[in-house]
Structures are given as structure tokens and as C-alpha cells.
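What follows is the residue order along each chain.
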Amino acid sequence: MEREIELKILNLDLKELENKLIELGAQYLGEEHQENIRINSTGHKIYKKVGYLRIRVSQKDGKKINYLTFKENLSDINVRDNIEHTITFDDVEELKNIFKLLGYDKFYYGKKYRRKYKYKDFKIDLDTWDKETYPYPYAEIEGPSEKEIYEFADLLNIPKEDISTLSIAELIKNLKK
């Protein structure tokens, strides 16, 4: 179980942000390719205010790791504040079959390429989804507190109007409007 306090930065040039991070002395942690599968149910829906359930297949440095995460939503007012309950497992298809047997019948697929940095107490993920899932790149900044994350965003000269607490599901939904 891990607490995660974060926000998204939209409408940005990832390369420009990456250059700013490098100038500040941020440490490059690597890259990974992910397949993310959000899971829900028609019969017993997991509502946004509660959180969401996700399978993630992560490929990094030639290794593949499968994660099952339930993100418990504490708040999405000024930052996304979640508790992440995560385990690793071996067989994606068998886990999906178990969820189907339990009545979880909605599976939303997306692929993402992520470059990761660390600066002081901040994790910065530069995300690019496949065009069918979400066509615009964005960054996620995770830090120790709401105040410190906003101070870091100011240090990066991020305009307030480009800061978002929306989940990827909400960003996708907004595209369809």
C-alpha cells in the first residue's frame, strides 16, 4: 500500500519539460512500455469517488511485470490523492477470467510509453498514450504534499490552466464531449 499525491500537466511539449528537468539536475530513471486495462462492472460498478481497478503489464529493461492495482481515491480537489493497493501476478488472461466470473465485464485497454525522472522528493512521469486511447502527451508530478507539488510546478513555469487532477478515464471522456 502506497500513498500517491499527484497532478497532471496538460498542453505541454514533453521534450521541453524534459530539458527543464535535466537542467534542474533531475535523475533519469528509464523508460517503460505499459499496457493498462481498467476494469469495471455493469452490475456492481466501481464509482470514481471510490477509486478504480487496473491491470498493468509493464515492460522495462527487457523484463515484464504484471501489476494489479486498486487506486482508492481520497481526494481529487487540488491534487489526486490516492492510496494504491498493488500486487504482482503471473497470468493476465487468467486474472481477467476470474474478474469475468465475479461479474466484472468492462475492460478498457490502452498502451502507454513512459519516461521517468526523479527530482528531490518528486517523481515525474512523461506519458504518451497510443493515439486511440488518448492523443495528447502529458506529465504526472507526484510529490510529498499538495503545497510542495504546486511549488515544483511553479519552479517549472507550468501555467495554472495546464494543471489537472483528472484521471485518464476522465480525460478520455472529456475528449468525447
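The structure presented is a predicted model; accordingly, all values stated were derived computationally and were not measured.

Below, the discussion takes up the pairing of strand 3 (residues 51-60). For strand 3, the buried fraction is high: seven of the 10 residues fall into the buried class. Direction of pairing for strand 2 (residues 27-40) relative to strand 3: antiparallel, over a ladder of seven bridges. Among the inter-strand pairings, N36 is bridged to a residue of strand 3, identified as R56.

This next bit is on the nonpolar core. Judged by nonpolar contacts, the single largest core of 22 residues is most densely connected at I9, L17, L21, I124, I141 and F152. Mapped by element, the contributors of at least two residues to this core are strand 1 (2-9), helix 1 (14-24), strand 6 (106-119), strand 7 (122-129), strand 8 (138-142) and helix 3 (146-155). With sequence-adjacent residues up to four places away left out, L21 is seen in contact with A26, Y117, I124, F152 and L156. Membership of the second largest hydrophobic core comes to 13 residues, among which are I37, L53, I55 and V92.

The set of residues buried in helix 2 (residues 92-101) consists of V92, L95, K96 and F99. Down the axis of helix 2, the buried set is contained in an arc of 100 degrees. They therefore lie on one face. Along its buried surface, helix 2 packs onto strand 2, strand 3, strand 4 (63-75), strand 5 (80-89) and strand 6. Structurally, the start of helix 2 carries an N-cap: the backbone nitrogen of E93 is 3.1 Å from a side-chain oxygen of D91.

Turning to the environment of I168, a few remarks are in order. Here I168 shows up in helix 4 (residues 168-175). Residues I168 and K8, spaced 160 residues apart in sequence, show a C-alpha to C-alpha distance of 9.7 Å. Beyond its immediate stretch of four places on either side in the chain, I168 contacts K8, R38, W129, Y134 and Y138.

Now for the pattern of salt bridges. Summed over all chains, the structure comprises 20 salt bridges. Note that E31 is salt-bridged to R115, the shortest N-O span being 3.2 Å. Here E31 is found in strand 2, whereas its partner R115 is found in strand 6, with 84 residues between them in sequence. Judged by relative accessible area, E31 falls into the partly exposed class, the value being 31%. Residues E93 and K96 are paired through a salt bridge, measuring 3.2 Å at the closest nitrogen-oxygen approach. With E93 and K96 both in helix 2, this residue pair falls three residues apart, about one helical turn. It is possible to trace a salt-bridge network through shared partners that takes in K8, K112, R114, D125, D127 and E140.

Feature annotation in UniProt assigns "domain: CYTH" (unreviewed entry) to the following positions: residues 2-174. Helix makes up 22% of residues 2-174 and strand 49%, and the two end C-alpha atoms of the span are 28 Å apart.

Scoring rules and cut-offs
- Residues numbered from 1 in each chain as written.
- Predicted model: local features only at pLDDT ≥ 70, side-chain atom pairs only at ≥ 80, totals over all residues.
- Heavy atoms only, no water.
- Buried < 20%, exposed > 50% of the residue type's maximum accessible area, 1.4 Å probe, protein only.
- Helix = DSSP H or I, 4+ residues; strand = E, 2+ residues; numbered from the N terminus.
- Pairing = 2+ DSSP bridges.
- Core = buried A, V, L, I, M, F, W, Y, C linked by side-chain atoms within 4.5 Å.
- Contact = heavy atoms within 4.5 Å.
- Arc of directions from axis to C-beta.
- Polar contact = N/O pair within 3.5 Å; in protein donor to acceptor, adjacent residues only side chain to side chain.
- Salt bridge = Lys/Arg side-chain N within 4 Å of Asp/Glu carboxyl O.
- UniProt positions renumbered as here; feature names shortened; annotations may be inferred.

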